[in-house]
Amino acid sequence: MQNIQSPEYAIETKNLFIFYGSFAAVSEVNMKIEKQKITAIIGPSGCGKSTLLRAFNRMNDFVPSSYVTGEILLHGQNLYGKDIDPVEVRRKIGMVFQKPNPFPKSIYENITWGARINGFKGNMDELVEQSLRGAALWDEVKDKLRKSAYELSGGQQQRLCIARTIAIQPDIILMDEPASALDPISTLRIEELMQELKKNYTIIIVTHNMQQAARVSDYTAMMMLEKDGSRSGTVIEFSETKRIFTNPKDKRTEDYVTGRFG
Amino acid sequence: MIRKTFEHEIQHVKDEVLLLGSMVEHAIITSVEVLKKRDIKGAEKLIADDKEINKKRFAIENQLMILIATQQPMAHDLRLLASTMEIISELERMGDYAKGIANINIRMGEETLLKPLIDIPRMAQIGADMLHRSLTAFVKEDVEAAKAIPAEDDEVDALYNQVYRELMLFIIQDPKSIERANWLLWVAHNLERVADRVTNICERTIFIATGEMSEIKTTDDEFETK
């Protein structure tokens, strides 16, 4: 894949539809996601937030019968183009999941594993330290790098997963409810970390927690099922976060953010 | 419709704002009535009553803080609660103007009024009426009314200019009347400010309903520019 620098946008969708068989789970999404910003995707359960997020790094490819129409452009290149390797896409666009999922290995190996597979030839110790520092975990684990990742707390494990993601230096980090399994303090740590990460990375986060979206993101996309009863989700409003939470344009966004939806 | 409890709390806050508004309205009208009668006891009571206005304002502010902390209001709810915080502050300041008039009344002591009060009670009446309707517009989120009411401030400004000219004539004719003229000028000034603050309430109402923050233009200030 080429690395053509786009001045403003990290990734863009054009008339994107995501299908499971004949069912369009997500319809007609047109979004331009700004570089080095945090974009939150919010909306009620079952409206296609995670499906859309997973489309950004072709994770939906693992679901049989899933396919997309339209385009997702990274540096102007369609991620679903014929000659694109999905593994390469996932290297460029990393993902952090709801439940921390470290490998059953040492803290050190959790970081080096992906790098090794990707043919990293540099100094592994440096990479480990740099990645753990980047994930605000270094000071807590520097003396026990050879210990199992499972010995860490949930919040630490999630930061280890973030460190593992940034170790392969992606362009974009996708986060699917990254703090929903964590206690409030660990949640705030992750949120603080996101502010640090956006200096170098573009972040797209799916969250059920509206206050979290309001606290951490620069832009917010509001998803909702289409009015036509098709059970297909779409982005009904995409704007600066401060706008979405103070003066949204769409009545459905207003109802959702003020807790009057449903 | 979910969030019934929150809706109920919001309604309660609006009711309390109306109550505070009626206390202030009463204070404005009464301050001029007791001045007209040179009723010192009435003026002292007004000053004591102003403490109740301040207490009520703090009680509403506390309620608003609790709602913001516990309900995490967003969008329209957030604009409503934040703007209500501003509106109660405007009301409290209007109460201070009435108290100021009561203070002037007391400081005048045995002195008689320089002239019979005609335009000044009219200013109080218009200001209190504007205030009343601005709060109705606030509760109903009536944007049209909120846009129309501030224009009436021009009438209050015109009356203020008239009072000003008249008092200047008294001073020119008899420089010894300066102090008595000055007292009445301050009374008129306080009433003129009441109408200005009504405009602020209307601006907040428009913001709550539309999300657009803009300053409503009336005449620049109380003085004629020509």
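Residues numbered from 1 in each chain as written. Chains lettered and ligands numbered in written order. Predicted model: local features only at pLDDT ≥ 70, side-chain atom pairs only at ≥ 80, totals over all residues. Heavy atoms only, no water.

**Describing the packing of aromatic side chains**
Aromatic rings in a pair are described by how distant their centres are and how their planes are angled relative to each other. All names here are of chain A. For the structure shown, the criterion picks out four aromatic pairs over all chains. Between the aromatic rings of Tyr-219 and Phe-238, the centroid separation amounts to 6.3 Å while the plane-to-plane angle is 55°, which identifies the pairing as tilted. One end of the pair, Tyr-219, is in strand E9 (residues 219-225); the other, Phe-238, is in strand E10 (residues 233-240), and 19 residues separate them in sequence. On the basis of relative accessibility, which here comes to 28%, the residue Phe-238 falls in the partly exposed class. Each residue in the set Phe-17, Phe-19 and Tyr-67 is aromatic and connected to the rest through ring pairs, giving one cluster. For the cation-ring pair, Arg-146 lies above Tyr-108, with the distance from its terminal atom to the ring centre recorded as 3.9 Å. The cationic tip of Arg-164 hangs over the ring face of Phe-103; the distance from NZ or CZ to the ring centre is 4.3 Å. (Phe/Tyr/Trp six-rings, centres within 6.5 Å; stacked < 30°, edge-to-face > 60°. Helix = DSSP H or I, 4+ residues; strand = E, 2+ residues; numbered from the N terminus. Buried < 20%, exposed > 50% of the residue type's maximum accessible area, 1.4 Å probe, protein only. Lys NZ or Arg CZ within 6 Å of the ring centre and 35° of its normal.)

**Section: the interface of chain B and chain A**
The interface is formed by 16 residues belonging to chain B together with 14 residues belonging to chain A. Together chain B and chain A conceal approximately 1,200 Å² of surface at their shared face, both sides included; 48% is due to carbon and sulfur atoms. Here chain B and chain A share two salt bridges between them. Linking Glu-7 of chain B and Arg-260 of chain A is a salt bridge whose minimum nitrogen-to-oxygen distance equals 2.5 Å. Remark: the boundary between chain B and chain A carries nine residue pairs in polar contact (both at pLDDT 80 or more). For the side of chain B that touches chain A, the secondary-structure elements that each account for two or more residues are helix H1 (4-36) and helix H3 (75-107) of chain B. The dominant element in the side of chain B that touches chain A, judged by the number of residues it contributes, is H3 of chain B, at five residues. (Contact = heavy atoms within 4.5 Å. Buried area = accessible area lost by both parts, 1.4 Å probe. Salt bridge = Lys/Arg side-chain N within 4 Å of Asp/Glu carboxyl O. Polar contact = N/O pair within 3.5 Å; in protein donor to acceptor, adjacent residues only side chain to side chain.)

**Regarding the confidence of the model for chain B**
Per-residue pLDDT for chain B has a mean of 93; in total, 95% of the residues score no lower than 70. In the predicted structure, residues 221-226 of chain B sits below a pLDDT of 50 and forms eleven contacts with residues beyond four places in sequence or in another chain. (pLDDT = per-residue confidence, 0-100.)

**A look at helix H2 (residues 40-71) of chain B**
Residue and element names in this part refer to chain B. A rise of 1.5 Å per residue sets the reference length of H2, with its 32 residues, at 46 Å; its end C-alpha atoms lie 47 Å apart and thus fit the reference within 8%. In the core, the buried residues of H2 are packed alongside H1 and H3. Once H2 ends, the next one or two residues include Gln-72, with phi positive near 40°. (Expected span 1.5 Å × (residues − 1).)

**Some remarks on empty space enclosed by the protein**
Residues and elements named next belong to chain B. Evaluation of the coordinates by the stated rule reveals one cavity of 30 Å³ or more. A volume near 30 Å³ is recorded for the largest cavity. Surrounding the largest cavity, Ile-10, Val-13, Lys-14, Leu-80, Leu-81, Thr-84 and Phe-138 form its lining. Those elements that place two or more of their residues in the lining of the largest cavity are H1 and H3. In terms of residue class, the lining of the largest cavity is made up of five nonpolar, one polar and one charged. (1 Å grid on protein atoms, 1.4 Å probe; cavity = no way out; pocket = protein on both sides within 12 Å on 5 of 7 lines; lining within 4 Å. Points joined across faces, edges and corners; volume = space filled by probe spheres on them. Nonpolar A, V, L, I, M, F, W, Y, C, P; charged D, E, K, R; others polar.)

**Quick look at the side chain of Glu-12 of chain A**
All names here are of chain A. Structurally, the position occupied by Glu-12 is in strand E1 (residues 9-20). Of the side chains with opposite charge, Lys-14 lies nearest to the buried Glu-12, which makes no salt bridge, at 4.3 Å. Apart from residues lying up to four places away in sequence, Glu-12 is in contact with Met-31, Lys-32, Glu-71, Ile-72 and Leu-73. (Lys, Arg positive; Asp, Glu negative; His and termini not counted.)

**Concerning the nonpolar core**
In this structure, Val-17, Leu-91, Ile-120, Leu-131 and Leu-191 of chain B are the most contacted members of the largest nonpolar core, which totals 63 residues. For this core, the secondary structure elements donating two or more residues are H1, H2, H3, helix H4 (119-140), helix H5 (143-148), helix H6 (153-173) and helix H7 (178-210) of chain B. Here this core gets 14 residues from one element, more than from any other, and that element is H7 of chain B. Apart from the residues within four sequence positions on either side, Leu-131 of chain B is in contact with Gly-21, Val-24, Glu-25, Ile-28, Leu-91, Met-94, Val-198 and Ile-201 of chain B. Formed by 47 residues, the second largest nonpolar core is a distinct cluster that contains Val-128, Ala-167 and Leu-193 of chain A together with Met-74 of chain B. (Core = buried A, V, L, I, M, F, W, Y, C linked by side-chain atoms within 4.5 Å.)

**Details of the pattern of salt bridges**
All names here are of chain B. Under the defined criterion, the tally for this structure stands at 29 salt bridges over all chains. Its salt-bridge partner being Lys-99, residue Asp-50 comes within 3.8 Å of it at the nearest N-O pair. Residue Asp-50 is found in helix H2, and its partner Lys-99 is found in helix H3; the two are separated by 49 residues along the sequence. Overall, Lys-99 belongs to the partly exposed group, its relative accessible area being 28%. Between Arg-193 and Asp-196 there is a salt bridge, with the nearest N and O atoms lying 2.7 Å from each other. Taken together, the residues span about one helical turn, with Arg-193 and Asp-196 both in helix H7 at a distance of three residues. For Arg-193, a relative accessible area of 26% translates into the label partly exposed. Classification of Asp-196 by relative accessible area gives buried; the value is 19%.

**A closer look at helix H6 (residues 154-167) of chain A**
Compared with the 20 Å implied by 1.5 Å per residue over 14 residues, the 20 Å span of H6 of chain A between its first and last C-alpha is a close match. Counting buried residues along H6 of chain A, 13 of its 14 residues qualify, which places the element largely inside the surrounding structure.

**Topic: the packing of H6 of chain B against H7 of chain B**
Residue and element names in this part refer to chain B. Contact pair H6 / H7: the axes reach a minimum separation of 10 Å and the direction vectors enclose 170°. As far as their axial angle goes, H7 and H6 are roughly antiparallel. Between H6, through Asp-153, Val-156, Asp-157, Tyr-160, Val-163, Tyr-164, Leu-167, Met-168 and Ile-171, and H7, the contact on the second element is made entirely by Ile-178, Ala-181, Leu-184, Leu-185, Ala-188, His-189, Leu-191, Glu-192, Ala-195, Asp-196 and Thr-199. For the contact of H6 with H7, the class distribution of residues is 14 nonpolar, two polar and four charged. (Axes fitted to C-alpha atoms, helices over the stretch in contact; angles between N-to-C directions. Parallel < 35°, antiparallel > 145°, perpendicular 65-115°, else oblique.)

**A look at the pairing of strand E4 (residues 66-74) of chain A**
All names here are of chain A. For E1 and E4, the ladder comprises eight bridges, and the chain directions are antiparallel. Among the inter-strand pairings, Lys-14 is bridged to a residue of E4, identified as Glu-71. Between E4 and strand E5 (residues 77-78), which pair antiparallel one after the other, the connecting turn spans two residues, and His-75 there sits at a positive phi close to 50°. (Pairing = 2+ DSSP bridges.)

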